[in-house]
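# Understanding the architecture of this molecule
So you can see what is in the structure, the chains are spelled out below.
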Amino acid sequence: MAKGSTRKRTVSFWYAPASYGGMDINNTVNLLAQHPGVVSTVLVYCGHSANGGLKVDAKTLALCTDGVPHAGQPPLLQALKRQGIAWELVLDSGSSDVDDYRASLFANASVVPALVSAAKALGARGWNFDLEPQKHKPASTAHDALAFASFCARTRSALHAVGMRLTVSVAQWCPMLKNYTLLAPTADRLF
């Protein structure tokens, strides 16, 4: 940060507790506790995906909300809250098929209210969209970038109405995600 700057530093990272069967939640929570005040937000993969519609995998979500009883792990979101760390839920790629995004996200009016409801229920700071349509599936297009930007703008507006934010993961390799000028005004942050 530049000398004399009043802007507060923010540090965020993505975390997928199911990647290790929830077995590293204690290690992650302990590492955060050893460095208090460093991390402001964790972008958490709690089982929400764009897989032919907004899906929630209850088993994965349990790692975030119920802990892992057999391993003595705390519920991840509860542990973050105890440390004063906010979290955003991640809507991940699911099938990584742009056709799924076109049919079930961009054109489905019920998705945005469902996203707001899920974030409120879990006490999230908001949502991070980590949608990555892959080239081996039908390729995304510049038109998909327009549809995605519209979807992001609707979601951001609904989240702002309840005091939450929207962050979006972008990438130069993907037509849907590489128009930063188009996407920037539709999200609170681009990653």
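Structural notes, computed from the coordinates. The residue numbers shown here count from 1 along each chain, following its written sequence. Reporting of local features is limited, given that this is a predicted model, to residues whose pLDDT is at least 70; pairs of side-chain atoms are given and counted only at 80 or more, and all residues count toward the totals for whole chains, interfaces and linings. Excluded from the side-chain calculation are hydrogens and water; included are all heavy atoms of the structure.

### Notes on the nonpolar core
So the rule is basically this: Note on terminology: a nonpolar core comprises buried Ala, Val, Leu, Ile, Met, Phe, Trp, Tyr and Cys residues joined through side-chain atoms within 4.5 Å. Burial classification: accessible surface area is computed with a 1.4 Å probe over protein chains only, and a residue below 20% of its type maximum counts as buried, one above 50% as exposed, and the rest as partly exposed. Where helices and strands are cited, they refer to DSSP runs of H or I of at least four residues and of E of at least two residues respectively, numbered from the N terminus. Residue contacts are defined here by distance: any two heavy atoms, one from each residue, within 4.5 Å place the two residues in contact.
Residues F129 and F148 are the most contacted members of the largest nonpolar core, which totals 49 residues. Broken down by element, the residue count for this core peaks at six residues, all from helix α5 (residues 111-122). Setting aside residues up to four positions removed in sequence, F129 forms contacts with L91, L115, F148, F151, C152, T155, L166, T167, V168 and S169.

### A short note on helix α1 (residues 25-34)
Threshold: It is the directions from the helix axis to the C-beta atoms that the arc portrays.
For α1, the set of buried residues is I25, T28, V29 and L32. What you see down the axis of α1 is that its buried residues fit within an arc of 95 degrees, all on one side. Summarising the geometry of α1, the exposed residues directed more than 90 degrees from the buried face are N27 and Q34.

### Overview of unusual backbone geometry
Although it is not a glycine, S96 adopts a positive phi angle of roughly 60 degrees. Tracing the backbone through its elements, the reader meets S96 in the loop between β5 (86-92) and α4 (98-106).

### As for α4
Buried within α4 are the following residues: V98, Y101, S104, L105 and F106. Angular distribution of buried residues about the axis of α4 spans 155 degrees; they occupy a single face of the element. On its buried face, α4 sits against β3 (48-50), β5, α5 and α6 (142-160).

### Structural notes on the state of the cysteines
Counted only if it meets this: Two cysteine sulfurs form what is called a disulfide whenever their separation falls within 2.5 Å.
Enumeration over the complete set of coordinates arrives at one disulfide. Note on cysteine connectivity: C46 is disulfide-linked to C64, with sulfurs 2.0 Å apart. As the torsion about the S-S bond is roughly -100 degrees, the C46-C64 disulfide counts as left-handed. A residue pair is termed long-range when its members are at least 10 positions apart, and C46 in the loop between β2 (41-44) and β3 and C64 in helix α2 (residues 58-65) qualify at 18 residues. For the pair shown, C46 and C64 are each scored as buried.

### A few points about the pairing of strand β6 (residues 126-130)
Here is the rule we go by: In this analysis, strands are considered paired if DSSP registers two or more bridges between them.
Counting buried residues in β6 gives five out of five residues, a clear majority hidden from the surface. In the sheet, β5 pairs with β6 via five bridges, with the strands oriented parallel. In the sheet register, V90 faces β6, and the bridge partner there is N128. When β6 meets strand β7 (residues 165-168), the two strands line up parallel, connected through four bridges. Directly across from N128, in β7, lies its bridge partner T167.

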